[in-house]
Amino acid sequence: MLRRFRLGSCHVLVLVLCVSASEDFDWTKNDHGSFYYGTFPTGFSWGAGSSAYQTEGAWNIDGKGMSIWDAFVHTKGKIFFNDTGDSSCDGYHKIKDDIVLMKDMKLNHYRFSISWPRILPNGLKTEHINEKGIKYYDDLINMLLDNKITPVVTLYHWDLPQILEDKYGGWQNISMVNYFNDFANLCFERFGNRVKYWITFNNPWSIAVEGYETGEHAPGLKLRGSGAYRAAHHIIKAHAKVWHTYDTQWRSKQRGLVGISLSADWGEPVDITNQRDIEAAERYVQFYMGWFATPIFNGDYPQVMKDYIGKKSAQQGLGTSRLPVFSSQEKSYIKGTCDFLGIGHFTTRYITQKNYPLGRGNSYFTDRDLVELVDPRWPDPGSEWLYSVPWGFRRLLNFVKTQYGNPMIYVTENGVSEKMMCTDLCDDWRMQYFKDYINEMLKAIKDGVNVKGYTVWSLLDKFEWDEGYSERFGLYYVDFRNKNKPRYPKASVQYYKRIISSNGFPNQREVESWKRKAIETCSSSNQLLAADPLISHMEMVTEIVVPTVCTLCILLSAVFLMFLLRGRF
């Protein structure tokens, strides 16, 4: 899951949803339309996702090395309530249990990530390979396949080995390109005979911006105006190198695919009569997804990024742009390194033009010369950045189609959170979100967009980065207070299960019954969950209070005995 740079205030907008034309994307065609009843193409793949640091726990056992997130969360004040992912969902020890949940939903695929420091504790293939870490992922892959669930594997979901950050500066250093390639090559060697879908990076925008610009995420650096661009430059090169390694060494034997997962909000112009707002909306998307997609599909950064960052760098008196440059050889090497495009999408913003003066400082955000706005009528059940705006999903998918030659797309993240102190397993807002967003994806396929699969984010509630456990994206509720981390199905489990079994939305009467039936099933789970705090309390009494009282009794008896002995002698 990704977070967005927080909006400073909420903007009330009176908007007419119609925009003027752009050269290669039809901004005028925004048909919100009615609900579309129909089914997905035969063979469409339905799945759910997770990531290593967010779900595995087991942060320091069985030979695992420290990651940048292990170091980051143990620094007080970095995470909400000072939470950590030390144990999280304890997925490391609950593979069998979680695959039972997947099988019950009849998932076609499961997306997970491999922890780089779990299999290479020192970050380098040449130093030490942790066979216990290899075995964990071997077992996970084998059990998925035994249950007819396709593994979709992400190589990097943000958990860089800390030693590489300490020694080299992490993604600020070009050496990461070769180190990451060695790690990926080891994964291809050990797992590639069974894994056919590889994702190099998950949401490199967050890695670069939140890791090296705002410092909200690990490693927590605030290299404003340059750090994000440098990190992204190296990540793009690393992606390309791994794709070429697979293409030359493994593809003919393993016959798999290598892609990347890019996250992006959709940006819609505020003022339909203002060409500058229309250009700002496109600039928003180009600075977000195009930053990575355009080099991978076309060989170089979006022209608008080069123009804007170059202009602002010159105004600062810099001799060169803060946006790094690809050589002609690098452009050729990077172009076309994508067998499929993973898209993570959650929400939409309205965009308007705004010029930022040099005195405001230099940063990725001011380089764009725009403002992000939201409509207060949009539902926002959880994360402060996540508003439900389904029509933006269809718009984004069609933009990818026109911009990048209609590539094969897998939706790798889509979902909604709740943020509440109490727990309600009858998550009707999530069911509505799934219904609306998945339907917009179906409309996009009808438009001719080449979407092959969909991944709910996420299978389980889990550690949500700097928000700790205060936000929950899971289909399954996880009780983090209980050492056993029990899972409880939310109503959305049954709802998503019906979408999968029907391969879409067959007819109005049937679809309208799904939510009612799902709500009926969650009441019993709610009763179980309500009883669980009492069970946890009993466990606490048994495991903590009783031993403590016994120890005190022994100590008091010893003191009393000493007094008796003193009196006698």
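Predicted, not measured: the structure shown is a model, and the values here were computed from it. (Residues numbered from 1 in each chain as written. Predicted model: local features only at pLDDT ≥ 70, side-chain atom pairs only at ≥ 80, totals over all residues. Heavy atoms only, no water.)

A.B. asks: Tell me what's going on with the overall build of the protein chain, and back it up with residues and numbers.
C.D. replies: Of regular secondary structure, the protein chain possesses 18 helices and 15 strands. Residues classed as buried in the protein chain amount to 59% of the 569 residues present. In the protein chain, 77% of the contacts between residues at least 6 apart in sequence involve partners at least 24 apart. Taken as a whole, the protein chain presents about 22,500 Å² of accessible surface, with 55% of it coming from carbon and sulfur. (Helix = DSSP H or I, 4+ residues; strand = E, 2+ residues; numbered from the N terminus. Buried < 20%, exposed > 50% of the residue type's maximum accessible area, 1.4 Å probe, protein only. Contact = heavy atoms within 4.5 Å. Areas by Shrake-Rupley, 256 points an atom, 1.4 Å probe, with all protein chains shown as cover.)

A.B. asks: Now, about the confidence of the model for the protein chain: what can you tell me, with residues and values included?
C.D. replies: Scored by pLDDT, the protein chain comes out at a mean of 90, with 86% of its residues at no less than 70. Predicted confidence is poor over residues 2–23, with pLDDT under 50, and the contacts of this stretch with residues over four places away or in other chains come to 70 contacts. Taken as a whole, residues 533–546 scores under 50 in pLDDT and shows 11 contacts with residues more than four places along the chain or in a different chain. (pLDDT = per-residue confidence, 0-100.)

A.B. asks: Can you lay out the packing of aromatic side chains for me, pointing to particular residues and giving the numbers?
C.D. replies: Taken as a whole, this structure holds 66 aromatic pairs when the rule is applied. Residues F340 and Y410 carry aromatic rings whose centres are separated by 5.5 Å and whose planes lie at 80° to one another, so their mutual orientation is edge-to-face. One end of the pair, F340, is in the loop between α13 (328–334) and β8 (341–344); the other, Y410, is in strand β11 (residues 409–414), and 70 residues separate them in sequence. Grouping residues by exposure puts F340 and Y410 together as buried. Each ring, one from Y350 and one from W378, has its centre 5.1 Å from the other, and the planes form 25°; the classification is stacked. Within this pair, whereas Y350 is found in strand β9 (residues 348–353), its partner W378 is found in the loop between β10 (370–373) and α15 (391–404), the two being separated by 28 residues in sequence. (Phe/Tyr/Trp six-rings, centres within 6.5 Å; stacked < 30°, edge-to-face > 60°.)

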